[in-house]
Amino acid sequence: MDGLSVIKEHSKAIIDAIRRTAQNDWKVLVIDESTKKIIDSSVNEDDILNHNIANIERIEDRREVNPDMDAIYILSPQPHIVECLLADFERRRYRRGFVVWTGVLPDGLQRKLDVARRQMAAPPDLLLVDFYPLESHLITFRDPSSFLVLYNPLCNDLVARHLRALASKIVSICITLQEIPKIRYYQPPEHAKHEARVLCMHLARFVQQELDGYQQFDRNFPPPSQRPQSVLLITDRSMDLMAPLLHEFTYQAMAHDLLPIQDKGDGKVTFHMTVNEGTAAAEEKDMELVEKDTVWVNNRHQHMKDTIDKLMSDFQKFLDQNPNFAGKDPSQTSLNDIRDMLAGLPQFQEMKQAYSLHLTMAQEAMNIFQKYKLADLASVEQTLATGLDDDYKKPKNVLDQVVRLLDDPDVAPADRLRLIATYVLYRDGIIEKDLTRLLWHASLQRSRDSLDQTIIENFDLLGAPNEEYALSRFEPAIKQMLDHVCAGDLDTNLFPYVIPPTETSGVDSLSHQASLRSAAPRWASANRRQAENRQRIIVFVAGGATYSEARACYEVSEKHSRDVFLATSHMARPGNGPAPPKAPAHLFERPAPPPQAPPPHQGLQQQRPQGVGQPVPPSLGPRPPVQALAGMSLNSGSGSSSTLGGSEVGKKKDKEKKKRNIFGIKK
């Protein structure tokens, strides 16, 4: 999406603070471990050095004394960082210090600094940028532990402090976007009795307190603007328990679910692959998924079939522009063929690397899609999530379909557990005896140490069974919520205001709402694009958000001409939590038995899959029908017999009515 980007706004806030403090005089920039990660998430080091910064140093590191130069400190408000700063002042490491905090410094720490006021060139400043922009409209706090703190009863003593920390980060987003929004929060129905049902209410009130405090600190905030007043929606994971469980087949969500994509500590999102495979220059490399990768940005929210169609179409354009390859028949060209051809094109290095990355990712995702029967699985998941079958009717024999998949050895254990959880939500809970039977069918919970049953039972801590608002949809509940916000008819009982609007201000009829700041003179340049006057909506999901919810926010932005930003503690995807410690595998090794002659037909059965998330070697099964998939249209009424769900379907005459799988192909 072009136009407004929280990455650019984050970078601009940091650079402006450095420029404002440097004042055309060379200085040293001193940062700590936390602020380095924040700065690196949106700013290049060269951009900093171009603004009269002679050097960048870490306050925790050993450094030379430099008494002839002033220093700009951009620091996080932590006790040990205050100690480091005091040590610098005591040592007189620099001539003077300009201190900028990325959060409000507690009173106790402020009093500690009183003794060093003389060495400060100016009163400490505040730069509220304590968050990590991941995409143009997606923000995280890189804090997966937030989920455990908010929902684990053993962490109740930590909740209040954690909510205040979350509120501070949410306010940082609002300040960076230069917004004072109306705040609404998710309030579960009265029948919801879980402890965390008041989570959003308390968090919303903390955010309101922080915003009120900031406006007292800066009386000129927010700056004049023609935009309508923004809206901040505080939600939590309990609003939609289905979204993290379901398989989604848009490119980004599917890749993060199925492939070993790494979310590294420095904020980089990478995929490990072999570059220039099959050539002398072949090397293992972590390829980064970034906003400047136009292939990624243009395709990440597209259905996988549309993504493959686009890759094939772009390759056809390449063939047309390069006569050396004109002899290739595009209808007979697979993704692997394209990869092999690109490997021999050193003159197209940047284009080659981008397309090699996404062709590889698409290929491996489709391998897993077929091997683990995700088409069959997704069909049942959609029925459970919506309460409707493929014909939009009340489903029949749902339990039989679920048990059949649980018994199927080709369905991965992790997917069986997800399916059981989805079925429990669909049934609004089941008795323990039935849960035990389902786990037995799935070959799960076969030892005392297994946590499979505990995982399902702990869903009640998030308010399961879920309510109709979150279940009656084909999309994440966030999308329905946003559609209602943009239409001005979001239920005020389900999403009350922290400060109810007055009769004169109206209730979120956002399509026609005038700006609450439009009376002020406009200071922006006259050539500012109209898109910058679009209303901004910030959605915060406590407990983690999914890539399907991120996609929904982008789609609502386009549909309703708003700028919708999704913020969360972390991006939740199946299997990305910390694994419990296990005894070393070598303790259980036994001597290999002596070789024996293989019996007839040995090797015809594949080993039972143990999980999803690693590339599937070609030897483990037939190649996925990516070539056939790329050549199909969604309204495949031409009688094509290619399918994606199971290779044996065509061998038997199906006595039931024909259905369409999630790729629109009859099966």
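To be clear, the structure that these remarks concern was listed above.
Chains are numbered independently. Their residues run from 1 in the order of the written sequence. For this predicted model, a pLDDT threshold of at least 70 governs which residues receive local features, and a threshold of 80 or more governs which side-chain atom pairs are given and counted, while totals over whole chains, interfaces and linings are taken from all residues. By convention in this description, side-chain values take in all heavy atoms of the structure and omit both hydrogens and water.

**What about the sheet that holds strand β1 (residues 27-31)?**
The parallel open sheet is built from five strands, whose spatial order is β2-β1-β3-β4-β5. With partners counted over all chains shown, the strands left at the sheet margins are β2 (53-58) and β5 (125-126), one partner each. Here strand β3 (residues 71-75) pairs with strand β4 (residues 97-101) via five bridges, running parallel. Within β4, the position partnered with Ala-71 by the bridge is Gly-97. Note on contacts: a residue pair qualifies if any of its non-hydrogen atoms lie within 4.5 Å across the two residues. What counts as an axis is a line fitted to C-alpha atoms, over the stretch in contact for a helix, and the angles between N-to-C directions run from 0 to 180 degrees. Secondary structure elements are taken from DSSP: a helix is a run of H or I of four residues or more, a strand is a run of E of two residues or more, and numbering for both begins at the N terminus. Sitting on the sheet, helix α4 (residues 79-91) touches β3 and β4, and the angle it makes with β4 is about 175°. At least two bridges found by DSSP between two strands are what make those strands a pair.

**Considerations on the packing of helix α7 (residues 156-176) against helix α8 (residues 199-217)**
α8 packs onto α7 with a crossing angle of 50° between their chain directions and a minimal axis gap of 8 Å. Taken as axis vectors, α7 and α8 run oblique relative to one another. As α7 runs across α8, the sense of the crossing is right-handed. Taking contact as the criterion, the partners of Ala-160, Leu-163, Arg-164, Leu-166, Ala-167, Ser-168, Ile-170, Val-171, Cys-174 and Ile-175 in α7 are, on α8, Leu-199, His-202, Leu-203, Phe-206, Val-207, Gln-209, Glu-210, Leu-211 and Tyr-214. Any angle from 65 to 115 degrees is called roughly perpendicular, while one under 35 is roughly parallel, one over 145 is roughly antiparallel, and all others are oblique. In this scheme the handedness of a crossing depends on how the near helix is turned from the far one: anticlockwise by less than a right angle means left-handed, clockwise means right-handed.

**With respect to helix α21 (residues 547-560)**
Residues spaced three or four apart along an α-helix point in a common direction, a consequence of the helix completing one turn every 3.6 residues. To estimate how far a helix should reach, multiply one less than its number of residues by 1.5 Å. Look at α21: 20 Å from first C-alpha to last across 14 residues, which is about the 20 Å you get at 1.5 Å a residue. Type-normalised accessible area, obtained with a 1.4 Å probe on protein chains alone, sets the label of each residue: buried when under 20%, exposed when over 50%, and partly exposed for intermediate values. All buried positions along α21 are accounted for by Tyr-547, Ser-548, Glu-549, Ala-550, Arg-551, Ala-552, Cys-553, Tyr-554, Val-556 and Ser-557. Those residues of α21 that are buried lie in contact with β6 (132-135), β7 (138-140), α9 (251-258), β10 (262-263), α20 (477-487) and β14 (563-568). The positive-phi residue at the C-terminal boundary of α21 is Ser-561, with phi of around 55°.

**Section: helix α2 (residues 33-40)**
For α2, every residue scored as buried is listed here: Thr-35, Ile-38 and Ile-39. Considered in projection along α2, the buried side chains sweep an arc of 95° and stay on one side of the axis. N or O atoms within 3.5 Å of each other form a polar contact, as long as, within protein, one can give a hydrogen and the other can take it, and as long as residues adjacent in sequence are counted only when both atoms are side-chain atoms. At the N-terminal end of α2, a side-chain oxygen is found 2.9 Å from the backbone nitrogen of Ser-34, two or three residues along, and the residue is Asp-32. It is the directions from the helix axis to the C-beta atoms that the arc portrays.

**Examining the sheet that holds strand β9 (residues 231-236)**
Within the open sheet, the six strands sit side by side as β6-β7-β14-β13-β9-β8. Their pairing is mixed. Two strands bound the open sheet, and with one partner strand each, they are β6 and β8 (182-185). Recorded for the sheet is a direction-independent mean angle of 25° between the axes of neighbouring strands. Alignment of strand β13 (residues 536-542) against β14, held across six bridges, turns out to be parallel. Bridge assignment links Arg-536 to a residue of β14, and that residue is Asp-563. Strand contacts of α8: β8, β9 and β13, with the helix running at about 145° to β9, the strand carrying the most contacts.

**Examining the packing of aromatic side chains**
Aromatic pairing here means that ring centres of Phe, Tyr or Trp (its six-membered ring) are within 6.5 Å. Orientation follows from the plane angle: under 30 degrees is stacked, over 60 is edge-to-face, and everything else is tilted. Scanning all chains against the criterion turns up 10 aromatic pairs. An angle of 45° between the planes, with centres 5.6 Å apart, marks the rings of Tyr-186 and Phe-495 as tilted. Of this pair, Tyr-186 sits in the loop between β8 and α8 while Phe-495 is found in the loop between α20 and β13, placing the two residues 309 residues apart along the sequence. The two residues Tyr-186 and Phe-495 agree in class, both being buried. Their ring planes at 85° and their centres at 5.3 Å tell us that Phe-249 and Phe-369 sit as a pair that is edge-to-face. Of this pair, Phe-249 sits in the loop between β9 and α9 while Phe-369 sits in helix α13 (residues 349-371), and the two are 120 residues apart along the sequence. Taking the relative accessible area as the measure of exposure, Phe-369 reaches 0% and is therefore buried. Three or more aromatic residues joined by ring pairs form one cluster here, namely Tyr-73, Phe-89 and Tyr-94. A cation sits over an aromatic face here: Lys-371 above Tyr-372, 5.7 Å from the ring centre. Counted as over-ring charges are cases with an Arg CZ or a Lys NZ within 6 Å of the ring centre that also lie within 35 degrees of the ring normal.

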